[in-house]
Amino acid sequence: MHKLASAVLFGCSLLAAGIAHAQTAPVAPPHVGRHASTPEDIRAIEKVVADFQAALIAKDVKLLSSLMLHTNILFASPADDGFIKKMRDTTDVHFDGVAQAGYIAFANFIKREPLRTEEKFYNVKITQDRHVAWVNFDYEFLVDNKLSNYGVEAWQMVKRDGEWKILSVVWSMHPASEAGK
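Thresholds, definitions, all that
Residues numbered from 1 in each chain as written. Predicted model: local features only at pLDDT ≥ 70, side-chain atom pairs only at ≥ 80, totals over all residues. Heavy atoms only, no water. Phe/Tyr/Trp six-rings, centres within 6.5 Å; stacked < 30°, edge-to-face > 60°. Helix = DSSP H or I, 4+ residues; strand = E, 2+ residues; numbered from the N terminus. Buried < 20%, exposed > 50% of the residue type's maximum accessible area, 1.4 Å probe, protein only. Pairing = 2+ DSSP bridges. Salt bridge = Lys/Arg side-chain N within 4 Å of Asp/Glu carboxyl O.

Structural notes on the packing of aromatic side chains
And then number 1: Taken as a whole, this structure holds 12 aromatic pairs when the rule is applied.
And then number 2: Taking 4.9 Å as the distance between ring centres and 55 degrees as the angle between the ring planes, the aromatic pair formed by F52 and W155 counts as tilted. Taken together, the residues span a long stretch of sequence, with F52 in helix α2 (residues 39-58) and W155 in strand β4 (residues 146-160) at a distance of 103 residues.
And then number 3: A residue is classified by how much of its surface remains accessible, and F52, at 1% relative accessible area, is buried.
And then number 4: Ring plane angle 75 degrees and centroid distance 5.8 Å describe the contact between F83 and F95, whose orientation is recorded as edge-to-face. With F83 in helix α4 (residues 81-90) and F95 in the loop between α4 and α5 (102-112), the pair connects residues that are 12 residues apart, well separated along the chain.
And then number 5: The class of F95 is buried, set by a relative accessible area of 18%.
And then number 6: Chaining the aromatic ring pairs together yields one cluster made of F52, F75, Y103, F106, F109, F121, F137, F141, W155 and W171.

What follows is the structure, given as structure tokens:
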């Protein structure tokens, strides 16, 4: 009975602490969450998303490059800690898990891959505030209409000279073999 009483007392203590924390959480001021966004900008960002997908299917690397702020943007699926450790132990003590070639390597892959490539986006969320925006989504990358990998992808975008450009692309990557698990 002593253990039951202790467990109940502990549970009540956690509940009381949670209630106290909820009561002391700050209320956000009115400007938090208020973004300077326009329907025209959202449509322009959606067009960049659609053009990105179309460029992959058409293997139009010129269109793809026109969507980027420049070719040296951060464009990477950062490696996990295990792979980083392996590379540091065997090859490069400075390896940080972010490939240098980034966008250029991706564009070359798209251009040289003889099979159809496509990236499908799901749960797309666009957040825009003035001249910056974020596009977040779940994705599937297909080669020859077969799942190659999937994960979560995030773009940072910036409006330059009246046009929305991709400033960075970062994604997680799971091999197709994990899709059914």
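Section: the pairing of strand β2 (residues 117-129)
Every other side chain in a regular strand lies on the same face of the sheet, so the side chains alternate between the two faces.
And then number 1: Sheet topology note: the β2/strand β3 (residues 132-143) ladder contains 11 bridges and is antiparallel. For E118, the partnering residue across the bridge sits in β3 and is L142.
And then number 2: Where β2 folds back on β3, the antiparallel hairpin that results is connected by two residues, among which R130 adopts a positive phi of roughly 55 degrees.

Focus: the environment of M87
And then number 1: By the secondary structure assignment, M87 is in helix α4.
And then number 2: Residues M87 and G97 lie 10 residues apart in sequence; the distance between their C-alpha atoms is 8.6 Å.

Some details on unusual backbone geometry
And then number 1: In this structure, N145 is a non-glycine residue whose phi angle is positive, near 60 degrees.
And then number 2: By the secondary structure assignment, N145 is in the loop between β3 and β4.
And then number 3: With relative accessibility at 54%, the residue N145 sits in the exposed group.
And then number 4: One non-glycine residue, D161, adopts positive backbone phi at about 50 degrees.
And then number 5: The residue D161 is located in the loop between β4 and β5 (163-171) in this model.

Observations regarding the pattern of salt bridges
And then number 1: Overall, the coordinates contain seven salt bridges when judged by the stated rule.
And then number 2: Of the charged contacts, one joins K159 and D41 as a salt bridge, the two residues approaching to 2.8 Å between their closest N and O atoms. With K159 in strand β4 and D41 in helix α2, the pair connects residues that are 118 residues apart, well separated along the chain.
And then number 3: The residue D51 makes a salt bridge to K47 at a minimum N-O spacing of 2.9 Å. A residue pair is termed a helical-turn pair when its members lie 3 or 4 positions apart in one helix, as D51 and K47 do in helix α2 at four residues.
And then number 4: The class for D51 is buried, based on a relative accessible area of 18%.

Considering the pairing of β5
And then number 1: In this sheet, β5 lies alongside strand β1 (residues 74-76) in parallel orientation, the contact comprising three bridges. Across the sheet, the residue bridging to F75 is V169, located in β5.
And then number 2: Summarising the sheet, β4 and β5 pair through eight bridges and their orientation is antiparallel. By the bridge assignment, V158 is partnered in β5 with K165.
And then number 3: Following β4, the chain reverses through two residues before pairing antiparallel with β5; D161 in that reversal takes a positive phi of roughly 50 degrees.

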